[in-house]
Amino acid sequence: MAKSDPKKYGSLITYFEGDYRPWHEAKVHVFSPAMKYGAGVFEGIRGYWSDKLNKMVLFRLLDHLKRLEYSQRVMRFEKIFAPEETSGPILEVMRRNSFTEHVHLRPVVYVDGDGPNGAVGPIEFAVTAVRSGKKETVNTGVAVQVSSWQRLSDLTMPTRVKANANYNNSRMASVQAKHDGYGAALMLNQKGHVAEGPAMCFFMVRNGVTVTPSITSNILESITRDTVIQIFREEIGIETVERDVDRSELYDCQEAFFCGTAWEVTPITSIDGIPVGDGKIGPLTQRLIKIYFDTATGAVEDRRGWLTLV
Ligand code: PMP
């Protein structure tokens, strides 16, 4: 039985293998391939309470569900849950929990069972949603360590899918960074170029140019990264350069930040103890944070169809 905090989660409703069930009933057996090998894929999706709309809104739901479908295909699951099948339970979990504050949703598709074809099925689908406010580090920024753990290579595991097993790589880097007194890790890839953080993509502003590692740097093709590139282009008038980023550039940039569904837009104040710019949150990052939250929480008109109202 999961040891998750009953006070925090005990009253929540989940979707689990075909039904809506109380939190503590959403259990997978210790002998399942999901448990043994991390044979599962997932998404992290933000639900925001929109003051303006007086409703919960889900940010870029369809894009997340398309990526969930892609992840299942790459992992060769014998049944694929398409967006048409996954969106209904997600919206119903939102409704049944009557949320009126920010949440983080986690749809997961996993291999469960020990059939003749145990490596690829049977496949199950579940959804959890937990209350999760805006990250405090969005306001404070984080001190970052370049990890001695390398980001997974696409030769080892498919890096652009959200496979559960990939996250032990992120976990090692995060644990090391926390142990060494940093707020977050930044990983290099096997070519020695900057890849990403554990669960977030990296951007920097160097000599007036906004730069992010290209999508062939063994990063996840992040939806927030795409959101940021679009906001920069359409609302701030800046083109982001997607290219290889070297480690030594990190110590000479004027602004830097992480972005991701859970990390939102999190400023980076130092890297390996060297301040980024003057060590404060830079003006472009600050401007981006405001636009990002206005967009994701429906404070401004949803021109791109990114919001799903609950
Ligand atoms: N990289 C990894 C490894 C991640 O898990 C995430 C979180 N999904 C990200 C980057 C950011 O991706 P997104 O913006 O789609 O959440």
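The present account deals with the structure reproduced in this document.

Parameters and conventions
Residues numbered from 1 in each chain as written. Predicted model: local features only at pLDDT ≥ 70, side-chain atom pairs only at ≥ 80, totals over all residues. Heavy atoms only, no water. Helix = DSSP H or I, 4+ residues; strand = E, 2+ residues; numbered from the N terminus. Buried < 20%, exposed > 50% of the residue type's maximum accessible area, 1.4 Å probe, protein only. Core = buried A, V, L, I, M, F, W, Y, C linked by side-chain atoms within 4.5 Å. Contact = heavy atoms within 4.5 Å. Phe/Tyr/Trp six-rings, centres within 6.5 Å; stacked < 30°, edge-to-face > 60°. Lys NZ or Arg CZ within 6 Å of the ring centre and 35° of its normal. Near = heavy atom within 4 Å. Polar contact = N/O pair within 3.5 Å; in protein donor to acceptor, adjacent residues only side chain to side chain. Areas by Shrake-Rupley, 256 points an atom, 1.4 Å probe, with all protein chains shown as cover. Nonpolar A, V, L, I, M, F, W, Y, C, P; charged D, E, K, R; others polar. Axes fitted to C-alpha atoms, helices over the stretch in contact; angles between N-to-C directions. Parallel < 35°, antiparallel > 145°, perpendicular 65-115°, else oblique. Left-handed = near helix turned anticlockwise from the far one by under 90°. Salt bridge = Lys/Arg side-chain N within 4 Å of Asp/Glu carboxyl O.

In this structure, Asn-54 takes a positive phi of about 60° despite not being glycine. Position of Asn-54 relative to the elements: it lies in the loop between strand S4 (45-50) and strand S5 (55-59). When its relative accessible area of 56% is taken as the criterion, Asn-54 is described as exposed. A positive phi angle, close to 70°, is found at Asn-218, a residue other than glycine. By secondary structure assignment, the location of Asn-218 is in the loop between strand S12 (209-213) and helix H7 (223-236).

Right, let's talk about the nonpolar core for a bit. Note that soluble globular proteins tend to have their nonpolar side chains buried in a common cluster. With 28 residues, the main nonpolar core has Ile-90, Leu-105 and Val-109 as its most contacted residues. Of all the elements in the fold, those that place two or more residues in this core are S5, helix H3 (61-74), helix H4 (83-96), strand S6 (103-111) and strand S7 (123-131). The element contributing the most residues to this core is S7, with five residues. Contacts of Ile-90, omitting those with residues within four sequence positions, involve Ile-45, Leu-58, Leu-61, Leu-65, Leu-105, Pro-107 and Val-127.

As a further point, take the packing of aromatic side chains. For any pair of aromatic rings, the description consists of the separation of the ring centres together with the inter-plane angle of the planes. On inspection of all chains with the given rule, the structure shows 14 aromatic pairs. Residues Phe-59 and Trp-306 carry aromatic rings whose centres are separated by 5.7 Å and whose planes lie at 90° to one another, so their mutual orientation is edge-to-face. One end of the pair, Phe-59, is in strand S5; the other, Trp-306, is in the loop between helix H9 (283-296) and strand S17 (307-309), with 247 residues separating them in the sequence. Each member of the pair, Phe-59 as well as Trp-306, is classed as buried. The cationic tip of Arg-106 hangs over the ring face of Phe-42; the distance from NZ or CZ to the ring centre is 4.0 Å.

Taken together, 14 residues surround the ligand, and among them Lys-162, Tyr-167, Ser-222, Thr-224 and Thr-261 come closest. Take Thr-224: an N or O atom from its side chain is 2.4 Å from an oxygen atom of the ligand. Protein contact buries 97% of the 380 Å² of open area that the ligand shows by itself. By residue class, the composition of the shell around the ligand is six nonpolar, four polar and four charged.

Right, let's get into the packing of H3 against H4. Two numbers describe how H3 lies on H4: the axes approach to 9 Å, and their chain directions differ by 125°. The pairing of H3 with H4 is recorded here as oblique in orientation. As H3 runs across H4, the sense of the crossing is right-handed. Listed contacts from H4 to Leu-61, Leu-62, Leu-65, Lys-66, Leu-68 and Glu-69 of H3 are Pro-83, Thr-86, Ser-87 and Ile-90.

To continue, consider the environment of Gly-40. Mapped onto the elements, Gly-40 comes out in strand S3 (residues 40-42). Along the backbone, Gly-40 and Glu-124 are 84 residues apart, and their C-alpha atoms lie at a distance of 9.3 Å. Non-local contacts of Gly-40, meaning those with residues more than four positions away in its chain, are made with Phe-77, Val-109, Tyr-110, Lys-162, Ala-163 and Asn-164.

Let's shift gears to the pattern of salt bridges. Once the charged atoms of two side chains with opposite charge are near each other, the side chains can pair. A full pass over the atoms with the stated rule returns 21 salt bridges. Measuring nitrogen to oxygen at the nearest pair gives 2.9 Å for the salt bridge that ties Asp-63 to Arg-60. Between Asp-226 and Arg-60 there is a salt bridge whose closest N-O contact spans 2.8 Å. On the criterion of sequence distance, the pair formed by Asp-226 in helix H7 and Arg-60 in the loop between S5 and H3 is long-range, its members being 166 residues apart. For Arg-60, a relative accessible area of 8% gives the class buried. Among the charged side chains, a salt-bridge network with shared partners connects Arg-206, Arg-243, Glu-249 and Asp-252.

What follows concerns the packing of H7 against H9. Where H7 meets H9, the closest approach of the two axes is 10 Å, and the angle between their N-to-C directions is 105°. The orientation of H7 relative to H9 falls into the category roughly perpendicular. Contacts between H7 and H9 involve Thr-224, Thr-227, Val-228, Ile-231, Phe-232, Glu-235 and Ile-236 from the former and Leu-284, Arg-287, Leu-288, Ile-291, Tyr-292 and Thr-295 from the latter. Partitioning the contact of H7 with H9 into residue classes produces eight nonpolar, three polar and two charged.

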